[in-house]
Structure formats: C-alpha cells, structure tokens
Amino acid sequence: MKWLQEGLRELWVPPRGNLPALDGARSIAVLLVICDHFAYFWGILGQPQLMVTKLPMFHWGWTGVDLFFILSGLLIGQQLWKEFRDSSSVDFLRFVMKRGFRIWPLYFFTLFALMLLPLVFSPKWPDFVFLSNYVQIGGYVRGWSLSAEEQFYILTPLVFLTMRRLGHRWILCSLGVLLIGVLVSRWLTSQSLLEQGLEAGKIKAVMYFPFHLHSEALFAGLILAYVTIYSPSILGQVDVRGFARRAAFVGLAIASIGMALRYVDGFVFNFLALALAYVCLVAWLLVDRSVFSAPFRWRLFYPISRLSFGMYLNHFVVPDTASFFIGVARHVSSVENLVFMLGLLGSIAQSVVIAIFTFILIERPGLLARERFLTWYKVRKETRAAG
C-alpha cells in the first residue's frame, strides 16, 4: 500500500517552492466550471428558477476555462522562457513529451473509459486527435479546451525555435503579433457571420471553440510568464502590509482598458477583456502577500488544484449525476435554494472522489514515467553530445 500512501501524501503536501495563491486560482477555475455546468443541468432538468443561479460563480462560471488558459500559458511560458534564457533555444521534443506525460495518460484513459459506457458524451475521432475545437460532431464535451491547449503546446515552442536567433524580445513581439492575429480573425469572422444574418448569440457560440478565435488567455499567460522571468520588477514590491500596490493599480487599469474595448466591440474583444482581467488577477497573486489575497492561499486549495485536471475531465460526464444529487438533496430539504446547494456540493464531492482515484492510479504513474523519460532523454543527449 506504499503507492497509495505516497499518492495521498503528494496530494496533501505541497512541494518546495509551491505558490499557494496559484493553487487557489486553479481551484477556483475548476469550481467555477462545475458551478456553471450544475446551474445548466438544473435548468434543463426543469427545476424552478432561483436567484442563486444569478450569483457570479454560476452566471460567469464558464469563464473558469479562460482562467485555466491563463494558468496554462503562465506555467508553460515560465518553462520555455527559463530554458531559452539559459540555452538560447528550446528542446521541442522534450517540451512536448513533458506536457504529454502530464495530460495524455488521464485524458486518453477518460476517452477510452467513456467509450465503454453508452453515454451521450461518448468520444468521437476529433477528441482523440485534439481537433474537437474545430470538428464538432458531438463527442466528449471537455475535448475542445484540451484540443486548444495541445495546439498551443505545439505552436509556442515552434515560435521560440523559429525566432531564437533574434532573441527573446523578438519572440515576445511574435507572440504579440499572434495575439493580434486572433483579434483580426475574430473581427473578420464576426463580420462574415453578421452579413449572413446570424444573431449575436449564435455568432458568439460559433467563435467560442476554435483556437484562432479563442486563445487570448493562453497568450496573455505566456506574456505574463515573460515578465516574471525577464522583468519581474514590473510587478513591483509589496508594502509593509504585504500589499502589492503597483500590481493592483496597474492591473485594475489594464482590466479597465479591456472592459472598455469589450464595450466598443463585444464580438472582437470579448475574450481579450476576460484574459486581461484574469491575467492581472494572477499577476497580482504572484506578488501580493496581504490579507486581501489570503483567501487564495487557503491550505485546502492545494489538493483541489492537484485534482483540478481530473475534476475538469470527469465532472458531469454522466448527465444523470446532477439529477441524482438533486434527488438526494430533496430527501434532506424542501427549500429549493438548499436543494440546489446540496446538489452542487454532492456533485463536487463525487468529482473529487473520482479525481483522487484517477490521480493515484493514472496521473501519478504518468508523472513518474515522465521523470524516468526525462532522465533517460537527458543522458541520451549528453552521451550523443560527448560522442
């Protein structure tokens, strides 16, 4: 049972150098998504309309995916910028395999497990080749965001390799051009759809999934990673109370600019505004140590953040989950708001339990295999270089 004890310990004990506030952000991201989906199922199941569903965590819960994108861009960006700073290049194969060992084991396990069950969310071929954000034929409902991230993981190191001789500033400029390209694509697409007579809701739905129309948060996280590696002083220092004043004030200004752009054109700048708001929040969390950011450093957020990938993949893959927990809640209370909250808590608890099992049985072995691969790959490179 040593493997079980080690797995549970890894879920509870943070590694050295861990940033608790980012654990909080990652946990909030997955909880936002679950809240959004539970509110959706509450509605389609014909439950009574409640004011509680208008609260931000339900009304804006879908934005949790963009917060995930910010954190993903920051994480892989720091890896790439550090490697480029130290070696003036990046190892494409090493980077892709490192990310692959983190994502592929649990993702493909989930797909194959769902294939064995007669569900409406049964995976289709685009899910297996990370194209479900472009080819939408039903299938696994979480696949589109994983597809977008995989496409990002391939594109980004290629940009580094292509521009490596010109230096890190040119790489940063190239990423800025790609971000502008996303905005131009959104404008061209929105204009085309408007000419076809589509209504606003349909246009926003069409532009939600494709990588070239919805990747602003990934690039924003990557640019924030550049700041943390090359110009951390931009974020400023904390005052005697631990408050990151410059990061807060500059962040509010940038987020306000994003909201102003969204007001100018909601089709083009919708996700840019969201990305700017979330990237400023994450930037502030990186440096702030005041009472204001303390809730993000709550100790319980660490295990939730470690389980967040599994929770994102497994929650509500069986649509009857929401119905089951709502039914259980009705045996406890007849107060609709309480039924709603108890049903939500039951759904979250189920997702956590499943994620614990999959972390220990699938994710952690994948991470251990990654370490063995990286060790072998490093020795192989050193041997070839010496020979």
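Above: the structure in question.
Throughout what follows, the structure given in this document is the object of discussion. Since the structure is predicted, the reported quantities are computational estimates derived from the model, not experimental observations. (Residues numbered from 1 in each chain as written. Predicted model: local features only at pLDDT ≥ 70, side-chain atom pairs only at ≥ 80, totals over all residues. Heavy atoms only, no water.)

1. Thoughts on the packing of aromatic side chains
Stated formally: The aromatic pairing rule takes the rings of Phe, Tyr and Trp, using the six-membered ring of Trp, and pairs them if the centres are within 6.5 Å, calling planes under 30 degrees apart stacked, those over 60 edge-to-face and the rest tilted. Helix and strand definitions follow DSSP, with helices as H or I runs of at least four residues and strands as E runs of at least two, each counted in order from the N terminus. To sort residues, take the accessible area from a 1.4 Å probe on protein chains only and compare it with the maximum for the residue type: under 20% means buried, over 50% means exposed, and anything in between is partly exposed.
Under the defined criterion, the tally for this structure stands at 37 aromatic pairs. Aromatic side chains Phe112 and Phe128 sit 5.4 Å apart centroid to centroid with 55° between the ring planes, which places their arrangement in the tilted category. With Phe112 in helix 5 (residues 92-115) and Phe128 in helix 6 (residues 125-128), the pair connects residues that are 16 residues apart, well separated along the chain. On the basis of relative accessible area, Phe112 is assigned to the partly exposed category, the value being 48%. Overall, Phe128 belongs to the partly exposed group, its relative accessible area being 23%. When the centroid spacing of 5.3 Å and the interplanar angle of 85° are considered together, the rings of Trp144 and Phe209 count as edge-to-face. Of this pair, Trp144 sits in helix 7 (residues 143-163) while Phe209 sits in the loop between helix 9 (200-206) and helix 10 (216-230), and the two are 65 residues apart along the sequence.

2. Observations concerning the environment of Val282
Where we set the bar: Any two residues whose heavy atoms approach within 4.5 Å at even a single point are treated as in contact.
Tracing the sequence through the fold places Val282 in helix 12 (residues 266-287). Along the backbone, Val282 and Leu67 are 215 residues apart, and their C-alpha atoms lie at a distance of 8.9 Å. Apart from the residues lying within four places of it in its own chain, the contact partners of Val282 are Leu22, Leu67, Ile70, Leu71, Leu74 and Leu224.

3. With respect to unusual backbone geometry
Glycine aside, residues mostly have negative phi, and peptide bonds are mostly found in the trans state. We note that Ser88 has phi near 65°; this positive angle belongs to a residue other than glycine. Secondary-structure assignment places Ser88 in the loop between helix 4 (64-87) and helix 5. Even without glycine at this site, Phe130 takes up a positive phi of about 55°. If you trace the backbone, Phe130 turns up in the loop between helix 6 and helix 7.

4. A few points about the pattern of salt bridges
Which entries qualify depends on this criterion: The term salt bridge refers to a side-chain nitrogen of Lys or Arg lying within 4 Å of a carboxyl oxygen of Asp or Glu.
Tallying each qualifying case throughout the model produces 10 salt bridges. One salt bridge connects Asp86 with Arg85, and the closest N-O pair in it is separated by 3.3 Å. One salt bridge in this structure joins Arg370 and Glu371, with 3.9 Å as the shortest N-O distance. By relative accessible area, which is 14% here, Arg370 ends up buried. Salt bridges sharing partners connect three or more residues here, namely Glu6, Glu10, Arg306 and Arg364.

5. Things to note about helix 11 (residues 245-264)
We count it as follows: One fewer than the residue count of a helix, multiplied by 1.5 Å, yields its expected span. When we speak of the arc, we mean the arc of directions from the helix axis to the C-beta atoms.
When the terminal C-alpha atoms of helix 11 are compared, their 29 Å separation across 20 residues agrees well with the 28 Å that a helix rising 1.5 Å per residue should span. Inspection of helix 11 places Ala247, Ala248, Gly251, Ala255 and Gly258 among the buried residues, and these make up the whole buried set. Buried residues in helix 11, looked at end-on, bunch into an arc of 90°, giving them a common side. Exposed positions of helix 11 whose direction lies more than 90 degrees from the buried face are Phe249, Leu252, Ile257, Tyr263 and Val264. On its buried face, helix 11 is in contact with helix 12.

6. With respect to a nonpolar patch on the surface
Basically, it comes down to this: Patch definition: residues above 30% relative accessible area lacking any salt bridge, with like charges linked at up to 9 Å and the nonpolar side chains Val, Leu, Ile, Met, Phe, Trp and Tyr linked at up to 5 Å. In these tables, accessible area is a Shrake-Rupley quantity obtained with a 1.4 Å probe, and a residue counts as shielded only by the protein chains included in the view.
Together, Met1, Trp3, Val353, Phe357 and Leu361 make up an exposed nonpolar region whose accessible area comes to about 570 Å². For the nonpolar patch, the element with the most residues is helix 15 (residues 336-386), which contributes three residues. Relative to the elements of secondary structure, Phe357 occurs in helix 15. Look at Phe357 and you get exposed, because its relative accessible area is 53%.

7. Notes on the nonpolar core
Using the following cut-off: Here the nonpolar core consists of buried residues drawn from Ala, Val, Leu, Ile, Met, Phe, Trp, Tyr and Cys, with membership extended through side-chain atoms lying within 4.5 Å.
Core analysis: the largest hydrophobic core is formed by 100 residues, its most contacted members being Trp81, Tyr107 and Tyr312. Of the residues forming this core, the biggest block, 13 residues, is contributed by helix 2 (residues 20-44). Beyond its immediate stretch of four places on either side in the chain, Tyr312 contacts Val30, Val33, Val65, Phe68, Arg142, Trp144, Ser145 and Leu146.

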